[in-house]
Amino acid sequence: MLVNYSKIAFRNLVKHRIFSVINIAGLSVGIACCLFIFLYIQNEMNYDKFHENGDRIYRVLRKGDMNGEVVGVPWTSGPYGPALKNDFPVEIVHSVRVMPNSGLVTYGDKSFQENKLFFADSTFFGVFSYPLLSSNASTALNKPNSMVISREMAQKYFGNADPVGKVLDIDNGEFQYEVTGVMGAAPGNTHLDFDFVANIAPFADMPWFSVWNNNGLVTYVLLADKVSPAKVEARLPAFIDKYMGEYFKQQGRRSDLMLQPLSEIYFSRSLPFDPSLHGDLQVIYLFGAVALFILAIACINFMNLSTARSAGRAKEVGMRKVMGAFRTDLVVQFLGESLLLTLFGVLLALVIVSIGLPWFSAFIEKPLALPLGNPVFWAFLGGLILVVGALAGMYPAFFLSAFQPIKVLKGKFTAGKQSALLRKSLVVVQFSISVLLIVGTFIIVRQLDYVQEKKLGYDKEHTLLVRISNNDIYQNRESFTSEVERLTQVQSASRMSGEPGGFHDGYTFDIQGKTGELWTMRTVFTDHNYVKTLGLKVVAGRDFSKEYGTDALHGVILNQTAAKKLGWTPEEALGKTVFNKTRDSLRRQVVGVVEDFHFSSLKEEIQPLAISIARDNRVIAIKLAPGNPAEAISRIEAAWRKVAPKYPFAYEFLDQVYDNLYKAEQKQRAILGIFAAVAIFVACLGLFGLAAFTAEQRTKEVSVRKVLGASTGNVVLLLSKDFMKLVLIAVALATPVAWYLMHQWLQDFVYRIQINPGVFVTAGGIAAAIALLTVGYHAIRTALTNPADTLRSE
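Residues numbered from 1 in each chain as written. Predicted model: local features only at pLDDT ≥ 70, side-chain atom pairs only at ≥ 80, totals over all residues. Heavy atoms only, no water.

Visitor: Hey, could you go over the packing of helix 3 (residues 80–87) against helix 6 (residues 229–251) for me, with residue numbers and the actual values?
Guide: Running from amino to carboxyl end, helix 3 crosses helix 6 at an angle of 120°, the nearest separation of the two axes being 12 Å. Viewed along their axes, helix 3 and helix 6 adopt a mutual orientation that is oblique. Along this stretch, helix 3 crosses helix 6, giving a crossing that reads as right-handed. On helix 6, the residues that touch Tyr-80, Ala-83, Leu-84, Asn-86 and Asp-87 of helix 3 are Arg-235, Leu-236, Phe-239, Ile-240, Lys-242, Tyr-243 and Met-244. The residue makeup of the contact of helix 3 with helix 6, split by class, is eight nonpolar, one polar and three charged. (Axes fitted to C-alpha atoms, helices over the stretch in contact; angles between N-to-C directions. Helix = DSSP H or I, 4+ residues; strand = E, 2+ residues; numbered from the N terminus. Parallel < 35°, antiparallel > 145°, perpendicular 65-115°, else oblique. Left-handed = near helix turned anticlockwise from the far one by under 90°. Contact = heavy atoms within 4.5 Å. Nonpolar A, V, L, I, M, F, W, Y, C, P; charged D, E, K, R; others polar.)

In structure tokens:
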């Protein structure tokens, strides 16, 4: 019986091939988009799921108050891990410290600057379940000088030779590490991005490593089975009091600890200075909604076209009922047609995805692949076929099977207003979704353009950044900066702890006149040329100057926000003193106030900033003079070779660093734009089919009108106006929904555009124009038909 139903369904699909092609095209494109998004979401949701004890791994965060806002910071110091294991011997099975780093890795004549170099405790592979190809997880890092490398690094440095037992040199002999294992590809995604993991033991004897407030590591703990993290957290304040109580009394404020589950790390967004890879749940929700929207449009196409041609199939239904078919038989037949169409759509969608996936993966910079060997994937496709087939075919199946054979065979059947109303409603839904996606794309584009064009308060153009990434350049950073400044191709150069858009640590300050109050300010540690190199505007006082010998030890420059938060005008701030309770031994006097500038992302408000001269430098900003940048870079590289000849010269431009802050949003804009175009295309496919059906049904009416004197324009207007009314209704319904959703999206940006009504007018105009072109083709074709040919049979 199932075979017979399949044959009947297939014959009907062939018979009505125009509608079948439209349906399959719409379904395949819609399902292909769903598959692209499904693979993306699956990739994102798969982070850190492969660890054997993942539900018991927690990251230790320092929790503190930053001017009224509670924040968690993932950086801890060397003593935390061992102390936690010592004080919680039953609750904590392992603690592991991880120090992300970079360094020059050398083997023989091969030498590369590596930026994915981790130093970690020997328990690293006992906590995390990264697969090892040639070592045991429990012993891989047991030796103080042991190192595990990725398979890619093994090939890079050793070719086809066995790397185990070979020795890698780190930073020109500063460390020597023996390769004790090779790590295979992780079975899933991970928030830790590394190519090398070496034993952290050689750092243990360094003075800074045992200082409790020298935070440069990330600490993880593996809790024992059935241990409540809440109970461990309840005892952490006492732990902090034991080891840092006196220090916090001196500081006047404290920083407690909390435990963050491994499963929450990738999608956490509120942690400042986090070195881990991160995703965005908002993007997951957005793309998931877009996928459902496009699939809904494809399903609506099927329902619309099926009910539209119901009159054409009325006699078929009547004859089958007269011949003894039950309504259940007809329902099964029509659902079978729907499922068969969906099957064809899924097969074509797989072809589309197979062709487009390499491009999509490269664009989003995620390693996506069709999991053809995964039963879950095929179960998903099977479920998709059933759900989409049922949703698309359910109403037509029950609607068509309910026809009364007597009325049909006597020619008294009419589809009625109910089916026409349904079709109109579904068209409205389709174009509402399309307008929603168009508006979303426009607003995202405008916001990102606003971000890129907004005046930042500093000059990011023609500014080169050179990282202080090795000991040689660190020891010679002053002489390197001085030589670079002497170049005619350079206007100025400045050493700093972080460039705009980069790292700006927060410190506690004691403020003159604010007795008993402590204030947290972001900081930058620099030299005398910081304001000049970045082109900052001094609104009160002066810039740092070498003519004032006290500036280096006693001077500080604040931004306007700092002065305002402290209750001062820029002029009142001059001469006031502030004291960094962690770093300074003497109070610093405010010598100047600079105009606010965006030293972090535009998603954050400008915070109080203290600029002071200190040797804690991580990057050198070099302002190039107008002219030939290639020549300037060549001369800067020559200066580098003099002080750090064994290290490769690397640089980036400040404007590129700024653009990278919004790289994810740029990709969202492009992807949403593509999906919006797809949604409109699929909606227009359905509209094209409906217009063809309407034009066919009204051919004789049009012929009579033309005989009576109607012009071609009158006929086109007659056939188009009903559809245009539906599009306008769709615009009206989509506008408030689009406004609300995009208003919520914009809340992520502190500095954002206002949603202009013109966006909705433009989106509506685009949707109407596309709909008019789609409907107009059939309207004009019908209007140009010779009425004599149509009426000859009457």
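Visitor: Outline the environment of Leu-381, listing residues and values.
Guide: Looking at the element boundaries, Leu-381 is found in helix 11 (residues 375–401). Note on Leu-381: relative accessible area 3%, which makes it buried. Among residues more than four places away in sequence, those in contact with Leu-381 are Leu-35, Val-346 and Leu-350. (Buried < 20%, exposed > 50% of the residue type's maximum accessible area, 1.4 Å probe, protein only.)

Visitor: Outline the side chain of Asp-171, supporting the account with residue identities and numerical values.
Guide: Summarising the element assignment, Asp-171 is placed in the loop between strand 7 (167–170) and strand 8 (175–183). Buried charge without a partner: Asp-171 forms no salt bridge, and the closest opposite charge is Lys-646, 11 Å away. Separated by 3.4 Å, the side chains of Asp-171 and Tyr-647 make a polar contact. Non-local contacts of Asp-171, meaning those with residues more than four positions away in its chain, are made with Ser-102, Gly-103, Leu-104 and Tyr-647. (Lys, Arg positive; Asp, Glu negative; His and termini not counted. Salt bridge = Lys/Arg side-chain N within 4 Å of Asp/Glu carboxyl O. Polar contact = N/O pair within 3.5 Å; in protein donor to acceptor, adjacent residues only side chain to side chain.)

Visitor: Go over unusual backbone geometry with me, naming the residues and quoting the values.
Guide: For residues other than glycine, phi is negative in most cases, and the peptide bonds are mostly trans. Here the phi dihedral of Asp-48 falls at roughly 60°; this positive angle occurs in a residue that is not glycine. Within the secondary structure, Asp-48 sits in the loop between helix 2 (17–45) and strand 1 (57–66). Overall, the relative accessible area of 5% leaves Asp-48 in the buried class. Positive phi outside glycine occurs at Lys-226, with the angle close to 70°. Relative to the helices and strands, Lys-226 is located in the loop between strand 10 (217–223) and helix 6. The class of Lys-226 is exposed, set by a relative accessible area of 81%.

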